[in-house]
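In case you want the letters, here they are:
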Amino acid sequence: MTASPALAASSRLADLLRAGRPLVMGVLNVTPDSFSDGGKFLDPATAIAQAERMVAAGADIVDVGAESTRPYGGAEPVTADDEIARLAPVLPAVVAMGVPVSIDTMKAAVAAWALDHGAAILNDVWGLQRDPEMAPLAARRGVPIVVMHNRETADPAIDIVADVEAFFARSLAVAADAGLPAEQIVLDPGIGFGKTPAQSLATLAATRRFLGFGRPLLIGASRKRFIDSVSPAPPDQRIGGSIAAHLLAVLDGAAIVRVHDVPETVQALRVAAAIRTAE
Ligand code: HH2
């Protein structure tokens, strides 16, 4: 029996993770309102061309999203039908490019549609703690899922690293209850989500601590506001800060970085690896 495209791509992710090199996940926002590139890739042909550029530049995974998570508030909620209508002309074309596609959605109905159309990885920015159908879906389909830390609002008074750890523990319990093996889970501390800029920096500084869960880590620092808090710049001029954050995260053990600027990130990681090898 031939494996389904989703399962084949999913085991390809496991193979990639085993290769022991950091993986680059390219961001494709098919949205009108994403914080850094909203509206740029809403047109399907433009979105597909952007995915082609990212794959040609060395993206290992393409993360397709059709609802802005707006880490900084003000997201327009969209229905599952609207999300699917945005994805339909784009996601299958990206799957056909041959790299594993992840679906950035907090709705299990959209995730199920995406898996039926060839997506191989789920990316839930509410870490299995919003839609109760998400964990059973990942369990049934046997696909990897990115479980991201999130909070409704930032509270500068809390110990954010402890909060992330408690959240991860809850998510892993939800997964276990749903029969979703921990082996399918990638953890992500959710840089910029429900965090002050200082807390995003503290979270990045704690990357090694999160390795204690024994799961691969994904870090998505791309163009986020903490960069502006250190060195003021609008979102599309935060490439330097994004690369600095992702490079340090990788040196601290992160397995996957989620980025808007694929060519620059791939180059930085390749050069860093070459220097390491030459040592
Ligand atoms: N960040 C964003 C969206 N999805 N998923 C994971 N796992 N980790 C992240 O850090 C993450 C994410 C926000 O970035 P972007 O997709 O560019 O913005 P928007 O959600 O506004 O579309």
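Residues numbered from 1 in each chain as written. Predicted model: local features only at pLDDT ≥ 70, side-chain atom pairs only at ≥ 80, totals over all residues. Heavy atoms only, no water.

- As annotated in an unreviewed UniProt entry, the protein is Dihydropteroate synthase from Rhodoplanes azumiensis.
- Its UniProt record gives the protein the following Function (unreviewed entry) comment, quoted word for word: "Catalyzes the condensation of para-aminobenzoate (pABA) with 6-hydroxymethyl-7,8-dihydropterin diphosphate (DHPt-PP) to form 7,8-dihydropteroate (H2Pte), the immediate precursor of folate derivatives."
- Listed in UniProt under the heading Cofactor (unreviewed entry), the comment for the protein reads: "Mg(2+)". (UniProt positions renumbered as here; feature names shortened; annotations may be inferred.)

**Digging into helix α12 (residues 262-278)**
Given 3.6 residues per helical turn, the α-helix brings residues three or four places apart onto the same face.
Piece 1. When the terminal C-alpha atoms of α12 are compared, their 24 Å separation across 17 residues agrees well with the 24 Å that a helix rising 1.5 Å per residue should span.
Piece 2. Turning to α12, its buried residues are V262, T265, V266, A268 and L269. Taken end-on, α12 shows its buried residues confined to a sector of 160°, consistent with a single buried face. In α12, the exposed positions that point more than 90 degrees away from the buried face belong to Q267, R270, I275 and A278.
Piece 3. Buried residues belonging to α12 abut β1 (23-29), α2 (44-56), α11 (239-251) and β8 (256-259). (Helix = DSSP H or I, 4+ residues; strand = E, 2+ residues; numbered from the N terminus. Expected span 1.5 Å × (residues − 1). Buried < 20%, exposed > 50% of the residue type's maximum accessible area, 1.4 Å probe, protein only. Arc of directions from axis to C-beta. Contact = heavy atoms within 4.5 Å.)

**With respect to the UniProt feature "domain: Pterin-binding" (unreviewed entry) in the protein**
Piece 1. Per the UniProt entry, the sites bearing "domain: Pterin-binding" (unreviewed entry) are residues 22-270 in this numbering.
Piece 2. Across residues 22-270, helical content stands at 41% and strand content at 14%; the span's end C-alpha atoms are separated by 10 Å.

**Concerning the site of the ligand**
Piece 1. Surveying the vicinity of the ligand reveals 19 residues, the closest of which are S34, S68, T69, D188 and H260.
Piece 2. D188 is positioned such that a nitrogen or oxygen atom in its side chain is 2.6 Å from a nitrogen atom of the ligand.
Piece 3. Contact between the ligand and G220: an oxygen atom at 3.3 Å from a main-chain N or O atom of the residue.
Piece 4. Starting from 470 Å² of accessible surface for the ligand in isolation, the protein chains cover 100%.
Piece 5. Among the cavities detected, the one that contains the ligand is the largest cavity.
Piece 6. Put simply, the parts of the chain that give the shell around the ligand at least two residues each are β1 and β5 (145-148).
Piece 7. A per-class count over the shell around the ligand returns 7 nonpolar, 7 polar and 5 charged. (Near = heavy atom within 4 Å. Polar contact = N/O pair within 3.5 Å; in protein donor to acceptor, adjacent residues only side chain to side chain. Areas by Shrake-Rupley, 256 points an atom, 1.4 Å probe, with all protein chains shown as cover. 1 Å grid on protein atoms, 1.4 Å probe; cavity = no way out; pocket = protein on both sides within 12 Å on 5 of 7 lines; lining within 4 Å. Sits in = over half its atoms within 2 Å of the grid points. Nonpolar A, V, L, I, M, F, W, Y, C, P; charged D, E, K, R; others polar.)

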